[in-house]
Amino acid sequence: MINEYLAVLIFFVVALGFTIGGLVTAFLVRNSKPGYEKETTYECGEEPVGGAWIQFNMRYYFFAILFVIFDVEVIFLFPWAVVYKELLSNFGIFAFLEMALFLGILILGLVYAWKKGHLKWE
Amino acid sequence: MNLSYGLERLWLWLVGLLEKLISWLGLPYIFAYTLEKIIFAVALLVFISVSVLYLIWLERKVSAHMQSRLGPMHVGGWRGWAQTIADMVKLLFKEDIIPAKADKWVHRIAPLVVFIPSLMGFLVIPFEKNLIAQDLNAGILLIFAFSSIAVLAIIMGGWASNNKYTLLGGIRSAAQMISYEIPLVLSVVSVIMLVGSFKLNDMVAAQSGAGKVWFVFTQPLAFLLYLIAATAEVNRTPFDIPEAESELVSGYNTEYSGLKYGFFMLSEFTNMLIVSLVAATVFLGGWSAPSWLSRVPGIVILLVKTYFIVFVLMWIRWTFPRLRVDRLMDFGWKILIPLAFINIFVTALVMAVWRKPTKILRIIKERLLVIL
């Protein structure tokens, strides 16, 4: 029997072929006359001042870290959600209480970040 | 041949023919499988391209009529139906400009990274019971996994262009998309709990048939959360901070031109289509319909529901003003995420209590008697 996930690879190859095919077609048919003015970055018509690869606001990192935490929690939630019905018939109310405990800790984390002011965008 | 299941029949017939042909040639089954998937993927690409061209035209028409304008009227004759085709042909012939200071390879790869995942999501969407590329058991999880890759592409495009506007657009977009990813995924958890499967076909089955209702009625809050978070995920107004035209020129794709810009545009509308397809499948019953509509093909039913949601998204876009970035983040983290948790909690509780309602009522009665 074939692994079902082979389809993912096939789709990937087809999508890659479509995009690269499109770009190659464009490369063959388009005109190209590069010039200094064309290749400067757009800054409302002025000569650009400096580059854009600079340090940016720390806020973004806070949200990125919070996201990683919550996303991992969500990954834990998914398997539980799939088997929740079976858990209920096997373990009764404990299936709910266990996850309520987990969700409680998770929400406590959110409340902590909230109180510390990390959810505030400045 | 029964007309109402034409396309599904055609696909099954084609699959059967291919398998026979391959086994007649003495080749292993894997060749037939690969060919089937390639045919399905190419058919999907055609469907996506046509839908997207038509959706862009529709967006222009809807926005125009909402603002008492006419929109494109000339190209092609009837109501300018060929306008977006002409635009795409124009994009194909446009010069490709890469800024001298840009990170050239990242700049070139970003359009590939944005478009490929948006096609991958279609892998697990059932257009009809058997009209599905591969009913993977990861189902909806796979869709979310691939749709979140778009963030990478946007930040790649924004950073590689070495332009202040694109960089701002890129990192703003990353912040927004990761913030709204959480409520988006959480809103579907409650439906997964009710169904007990990730497969979209199982979700459709749980909503069709006697005595079963669409999840939009049993999970109205989840549907609302999903719709709001999805609007933010596809970067549409009121959540279009990443490409706020009036502040950031065009956001992360300012420095893109030609077909590379075209791919960003294409993937934006493809993502909108996939978000609407998932909403229609998970909350509105997918390809299933009430029995009095049983002669209508499932794919037509699904597409009608999908385009209705697409229209709602367009309607929202031309009705609400853009949110400010701090309010946007507040709304996501302080309202949507807690609400999503409450929804899961309540669903779990109700499921636990309603499992054996009579038994629990009896226990409560006994306890009350003891206390009294």
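Scroll up a little and you will see the structure.
Quantities reported herein were computed from a predicted structural model and do not represent experimental measurements.

*Asks:* A description of the overall build of chain B should follow, citing residues and the corresponding values.
*Replies:* Assigned secondary structure in chain B consists of 15 helices and zero strands. A compact globule built from 372 residues should have a C-alpha radius of gyration of about 21 Å, and chain B, at 23 Å, falls within 12% of that. Counting only C-alpha atoms, chain B reaches 80 × 65 × 45 Å along its principal axes. Out of the 372 residues belonging to chain B, those deemed buried represent 55%.

*Asks:* Could you give an account of the interface of chain A and chain B, with specific residues and numbers?
*Replies:* At the junction of the two partners, chain A supplies 67 residues and chain B supplies 87 residues. Counting the surface lost from both chain A and chain B, the interface buries some 7000 Å², and carbon and sulfur atoms represent 79% of this. Its largest share of buried area at the contact with chain B, chain A owes to F11(A), W53(A) and F78(A), together 12% of the area lost on that side. At the surface where chain A touches chain B, the tally comes to one salt bridge. The partner of D96(B) in a salt bridge is R30(A), with the nearest N and O atoms 3.9 Å apart. Those elements that place two or more of their residues in the side of chain A that touches chain B are α1 (6-29), α2 (36-39), α3 (59-82), α4 (84-91) and α5 (94-115) of chain A. By residue number, the principal contributor to the side of chain A that touches chain B is α1(A), which donates 16 residues.

*Asks:* Outline unusual backbone geometry, listing residues and values.
*Replies:* For residues other than glycine, phi is negative in most cases, and the peptide bonds are mostly trans. All names here are of chain B. Not every positive phi belongs to a glycine, and S68 is a case in point at roughly 55°. Tracing the backbone through its elements, the reader meets S68 in the loop between α2 (29-66) and α3 (83-93). Owing to a relative accessible area of 72%, S68 belongs among the exposed residues under this scheme. A positive phi angle is found at N162, which is not glycine, with a value near 55°. Note on placement: N162 falls in the loop between α6 (150-160) and α7 (164-195). Classification of N162 as buried rests on a relative accessible area of 8%.

*Asks:* For a nonpolar patch on the surface, give the residues involved together with the corresponding values.
*Replies:* Together, I20(A), V24(A), F27(A), L28(A), V29(A), W78(B), W81(B), I85(B), V89(B) and F93(B) give the surface a local cluster of nonpolar side chains, amounting to about 1000 Å² of exposed area. Mapped by element, the contributors of at least two residues to the nonpolar patch are α1 of chain A together with α3 of chain B. Considering every element that reaches the nonpolar patch, the biggest residue donor is α1(A), with five residues.

*Asks:* Lay out the pattern of salt bridges with the relevant residues and their values.
*Replies:* With the rule as written, the count across this model stands at five salt bridges over all chains. Note that R317(B) is salt-bridged to E59(B), the shortest N-O span being 3.6 Å. Taken together, the positions of R317(B) in helix α13 (residues 298-317) and E59(B) in helix α2 put the pair 258 residues apart, joining distant regions of the chain. Neither R317(B) nor E59(B) differs from the other in exposure class; each is buried. Overlapping salt bridges bring together R30(A), D96(B) and K260(B) as one network.

*Asks:* An account of the environment of S161(B) is requested, with residue identities and associated values reported.
*Replies:* The residue S161(B) is located in the loop between α6 and α7 in this model. Judged by its relative accessible area of 0%, S161(B) falls in the buried class. On a C-alpha basis, the gap between S161(B) and D103(B) in space is 6.7 Å, while along the polypeptide they are 58 residues apart. If sequence neighbours within four positions are ignored, S161(B) has contacts with T41(A), P99(B), A102(B), H107(B), T166(B), E255(B) and Y256(B). Polar contacts involving the side chain of S161(B) include one to the main-chain carbonyl oxygen of G157(B), which spans 2.8 Å.

Thresholds, definitions, all that
- Each chain has its residues counted from 1, following the order in which its sequence is written.
- Whichever chain is written first becomes A and whichever ligand is written first becomes 1, with later ones labelled in order.
- Local features in this predicted model are restricted to residues whose pLDDT is 70 or higher, and side-chain atom pairs enter the listing and the counts only when it is 80 or higher, whereas totals over whole chains, interfaces and linings include all residues.
- Only hydrogens and water are set aside when side-chain values are computed; all heavy atoms of the structure are taken into account.
- Secondary structure is summarised from DSSP: a helix means a run of H or I of at least four residues, a strand means a run of E of at least two, and numbering begins at the N terminus for each.
- When we talk radius of gyration, it's over C-alpha atoms, and the globule rule is simply 2.2 Å times the number of residues to the 0.38.
- Each residue's exposure class comes from its accessible area (1.4 Å probe, protein chains only) as a fraction of the maximum for that residue type: buried when under 20%, exposed when over 50%, partly exposed otherwise.
- Two residues form a contact once any of their heavy atoms are found within 4.5 Å.
- When two parts are brought into contact, each loses some accessible area as probed by a 1.4 Å sphere; the total of that loss over both is the buried area.
- Basic side-chain nitrogens of Lys or Arg form a salt bridge, by our definition, when they fall within 4 Å of a carboxyl oxygen of Asp or Glu.
- Within the patch definition used here, like charges are joined within 9 Å and nonpolar side chains (Val, Leu, Ile, Met, Phe, Trp, Tyr) within 5 Å, considering only residues with over 30% relative accessible area and no salt bridge.
- For every accessible area listed, the method is Shrake-Rupley and the probe measures 1.4 Å; residues are considered covered only by the protein chains on display.
- Under the rule applied, a polar contact is a pair of N or O atoms within 3.5 Å (in protein, one hydrogen donor and one hydrogen acceptor; residues adjacent in sequence only if both atoms are side-chain atoms).

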